[in-house]
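Summary of structural features
Read off the chains here:
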Protein chains: 2
Amino acid sequence: MGKYVVGIDLGGTNIKAGIVEETSGMVIVSESIKTNSDKGMEDTFERIALLVDKMLKDSEIDKSKVNGVGMGIPGPVINGEIVTFFANFPWEKGLNIAKILEKKLNLPVKLGNDANVITLGEAWKGAAKGYKNVLGLTLGTGVGGGILIDGKILEGFRGAGAEVGHMKLVENGKLCGCGQQGCWEAYASATAIVKETINRFDENKFNLVWKNIDGNIKLLEAKHVFDAAKEEDRFAVEIIDYTAKYLAMGIGNLLNVLNPEIIIVGGGVALAGDFLFDKVKKELKKYALPVTLENIKIVQAKLGEDAGIVGAAALLEL
Amino acid sequence: MGKYVVGIDLGGTNIKAGIVEETSGMVIVSESIKTNSDKGMEDTFERIALLVDKMLKDSEIDKSKVNGVGMGIPGPVINGEIVTFFANFPWEKGLNIAKILEKKLNLPVKLGNDANVITLGEAWKGAAKGYKNVLGLTLGTGVGGGILIDGKILEGFRGAGAEVGHMKLVENGKLCGCGQQGCWEAYASATAIVKETINRFDENKFNLVWKNIDGNIKLLEAKHVFDAAKEEDRFAVEIIDYTAKYLAMGIGNLLNVLNPEIIIVGGGVALAGDFLFDKVKKELKKYALPVTLENIKIVQAKLGEDAGIVGAAALLEL
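**Here we look at the overall build of chain A**
- Summing up its helical and strand segments, chain A has eleven helices and 13 strands in all.
- At 20 Å, chain A has a C-alpha radius of gyration in line with the 20 Å of a compact globule built from 318 residues.
- Over its C-alpha atoms, taken along the principal directions, chain A stretches across nearly 60 × 45 × 35 Å.
- Within chain A, the proportion of its 318 residues that are buried is 53%.
- Considering only contacts within chain A whose residues lie at least 6 apart along the sequence, 64% involve residues at least 24 apart.

Next comes the structure, spelled out in structure tokens:
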């Protein structure tokens, strides 16, 4: 029998936990519970410990066969153990959460920022397997980033490394959820595509996107725009070109700063696939130094739904 | 007697070499020769070897007391030994230059990109001494960058890490020497300040800068603008505010991506000191996430003229 790792994805609403088989990276069992952060850190961690014990018992896996527990945190993490702050909960700042959990779990615990661990997971068992210098991007509600340098997460001094979605690309540009202006994620996230499309509806309703959602903008998702663009709807193509331009500008900046070997793209926007990536690659020549484009690989993330659990587990393995 | 390290700064025109005392970081002797790259790599390296031998002989230092030779390269370096290409010379690409030099010098040799080694030198014996997560900026002809993660140079896959001067801050912006548009260095280098000032002379010659250079724009340096701004000349202050804005935008992006503990600023622009840094720090609040500004230090580089030699020597020490 092989060894196992427990991966936990601590989210604002739900906690997903799973047992990952070390060799295959397969999630052999997973469960989800509510975070209920308002009941306090102690209560949440207690329920996490119970959940881990239950999963191991149900799977008949002895703790001696478990390498440890990795947990993705919605906030900056220092040294794999200290949480600078939790982005969405008013829990105490600067605590060594790994130590607190180790006492409850009787297993080694390592923590990582949630966007960073997704990238680590892709390097362990996904699309970046074997690569050491990796840029991971999740283009969804926002633009999340993870950076691996020589195979290790770039945590930064306060744990806030790889907050790439908040690079400013436009001075006094679009307002971002962070309160600042001109952030990359205000231009290149799935949310940004939806907002840009709704704005453009003001000027133009004679297009395939509007038709396909029957004029109900509450239904609108980035996917509608990609689908219409793939059918060569001019309105949609212009929005995708606009998005590709800013995607390339942000990726180009990161290529110039980090010179990674591979870029892994996940999240809703990545589902557009080569249709979008080909446009981005073409635009990149305007923004990235040629040397950074030599042999660069830009590929879709592989881990999908399990990314949070497998990525958290990877904290024990890489 | 202590130990020594040889540091060499291979430039486009001149080669500066020095012997650095390990404990103090003092350059005890230094010399300069022409690069004469047109005579070929072999010829240049042969003369470097002769120069090193001569310096050691003149200083009566036995090779057994030398830890090795570090060399700053005008181009991307991989793994401290392979030069992807030389930026200004048509020398062969992708060679293991460290090995070639080791044979000639009979000493261990390590290489680093010139901008990176300057940052490494500051971490060894300069303003970033003891810090592990460092961003070094040289604001001169261009904007050079060096990044240390956990005390190590961020080289990148092809050696092109930390080419921060070519981050794009303005879409379709000012033309950069690299041939692309909107690069940070087209806004924040000493050269950029001079160019911006000359452009503004077209509209306004009734200012202290124009007066101080007697209308001879060939004399103009960034320092003239800083000096006039310090005397509250409105024309000059506006240019410095404009420069500070783009400096902050670029630094803010790097803070969000790298979350360093300290930023070391060198080069001609840095000589403006706190007058400029205070403006930049104020502007940073618009561009950098608050967590990246917690306890951040922004300080002037310390090594000055010796930065290239001491930085190269640091390759053997950190």
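**What to know about helix α11 (residues 307–314) of chain B**
Residues and elements named next belong to chain B.
- Counting buried residues along α11, eight of its eight residues qualify, which places the element largely inside the surrounding structure.
- Residues of α11 that are buried: A307, G308, I309, V310, G311, A312, A313 and A314.
- On its buried side, α11 packs onto β1 (4–10), β2 (14–21), β3 (27–34), β4 (66–73), α3 (114–125) and β12 (262–266).

**Examining the sheet that holds strand β7 (residues 95–96) of chain B**
- Spatially, three strands are ordered β5-β6-β7 (chain B) in an open sheet, and the strand pairing comes out antiparallel. At either margin of the open sheet sits one strand with a lone partner, and together these are β5 (77–78) and β7 of chain B.

**Description of the interface of chain B and chain A**
- Taken together, the 35 residues of chain B in the interface contact 35 residues of chain A.
- Going through the elements one at a time, α8 (234–258) and α10 (290–293) of chain B are the ones with two or more residues in the side of chain B that touches chain A.
- Ranked by residue count, the leading element in the side of chain B that touches chain A is α8(B), at seven residues.
- For the side of chain B that touches chain A, the per-class residue count stands at 17 nonpolar, eleven polar and seven charged.

**Some details on the relation of the copies chain B and chain A**
- Note on the copies: chain B fits chain A at an RMSD of 0.0 Å, the axial shift is 0.0 Å, and the rotation between them is 180°. Such a combination of turn and shift is consistent with a two-fold rotation axis. The rotation axis passes nearest to the C-alpha of B:L169 in chain B, at a distance of 2.8 Å.
- By residue overlap, the copies meet face to face through one surface: 100% of the interface positions of chain B are interface positions in chain A.

**A short note on the sheet that holds strand β10 (residues 143–149) of chain A**
Residues and elements named next belong to chain A.
- Pairing in this open sheet of five strands is mixed, and the strands run β11-β10-β9-β12-β13 from one edge to the other. Because the sheet does not close on itself, it has two edges, and the strands there are β11 (152–153) and β13 (297–300).
- Relative to strand β12 (residues 262–266), strand β9 (residues 134–139) runs parallel, the two being bridged by five bridges. Pairing of G136 across the sheet is with I264, part of β12.

**Topic: the domain arrangement of chain A**
Residues and elements named next belong to chain A.
- Domain parsing of chain A yields domain 1 (4–126 + 306–314) and domain 2 (134–301).
- The gap between the C-alpha centroids of domain 1 and domain 2 is 28 Å.
- On the domain 2 side, the residues contacting the 15 residues of domain 1 number 17 residues.
- Of the residues forming the side of domain 1 that touches domain 2, the biggest block, seven residues, is contributed by helix α3 (residues 114–125).
- In terms of residue class, the side of domain 1 that touches domain 2 is built from eight nonpolar, six polar and one charged.

**Brief notes about the nonpolar core**
- Counting residues in hydrophobic clusters, the biggest one holds 204 residues, and the most contacted among them are A:V225, A:A313 and B:V225.
- If we skip the residues at most four places from it in the chain, A:V225 touches A:I193, A:T197, A:V209, A:A236, A:I239 and A:I240.

**Some remarks on the packing of helix α1 (residues 41–58) of chain A against helix α2 (residues 97–105) of chain A**
Residues and elements named next belong to chain A.
- Close contact between α1 and α2 brings their axes to 9 Å; oriented N to C, the two are set at 45°. It follows that α1 is oblique to α2 by the angle criterion. For α1 against α2, the interelement crossing comes out right-handed. Across the interface between the two elements, F45, E46, A49 and V52 of α1 pack against I100, L101, K104 and L105 of α2.
- For the contact of α1 with α2, a count of residues per class yields six nonpolar, no polar and two charged.

**Considerations on the environment of A:A192**
Residue and element names in this part refer to chain A.
- Turning to its location among the elements, A192 is positioned in helix α5 (residues 190–201).
- For the pair formed by A192 and G142, sequence separation is 50 residues and the distance between their alpha carbons is 8.1 Å.
- Sequence-distant contacts of A192, that is, excluding residues within four places in its chain, are made with E185, A186 and Y187.

**Remarks on the environment of B:I298**
Residues and elements named next belong to chain B.
- Position of I298 relative to the elements: it lies in strand β13 (residues 297–300).
- When the C-alpha atoms of I298 and K34 are compared, they prove to be 35 Å apart, with 264 residues separating the residues in sequence.
- If we skip the residues at most four places from it in the chain, I298 touches I263, V265, F277 and K281.

Cut-offs used in this document
- Residues numbered from 1 in each chain as written.
- Chains lettered and ligands numbered in written order.
- Predicted model: local features only at pLDDT ≥ 70, side-chain atom pairs only at ≥ 80, totals over all residues.
- Helix = DSSP H or I, 4+ residues; strand = E, 2+ residues; numbered from the N terminus.
- Rg over C-alpha atoms; globule rule 2.2 N^0.38 Å.
- Buried ≥ 20, exposed ≤ 12 C-beta atoms within 10 Å, placed from the backbone.
- Contact = placed C-beta atoms within 7 Å.
- Pairing = 2+ DSSP bridges.
- Nonpolar A, V, L, I, M, F, W, Y, C, P; charged D, E, K, R; others polar.
- Least-squares fit on C-alpha atoms with pLDDT ≥ 70 in both.
- Domains from an automatic or database assignment.
- Core = buried A, V, L, I, M, F, W, Y, C linked by C-beta atoms within 7 Å.
- Axes fitted to C-alpha atoms, helices over the stretch in contact; angles between N-to-C directions.
- Parallel < 35°, antiparallel > 145°, perpendicular 65-115°, else oblique.
- Left-handed = near helix turned anticlockwise from the far one by under 90°.

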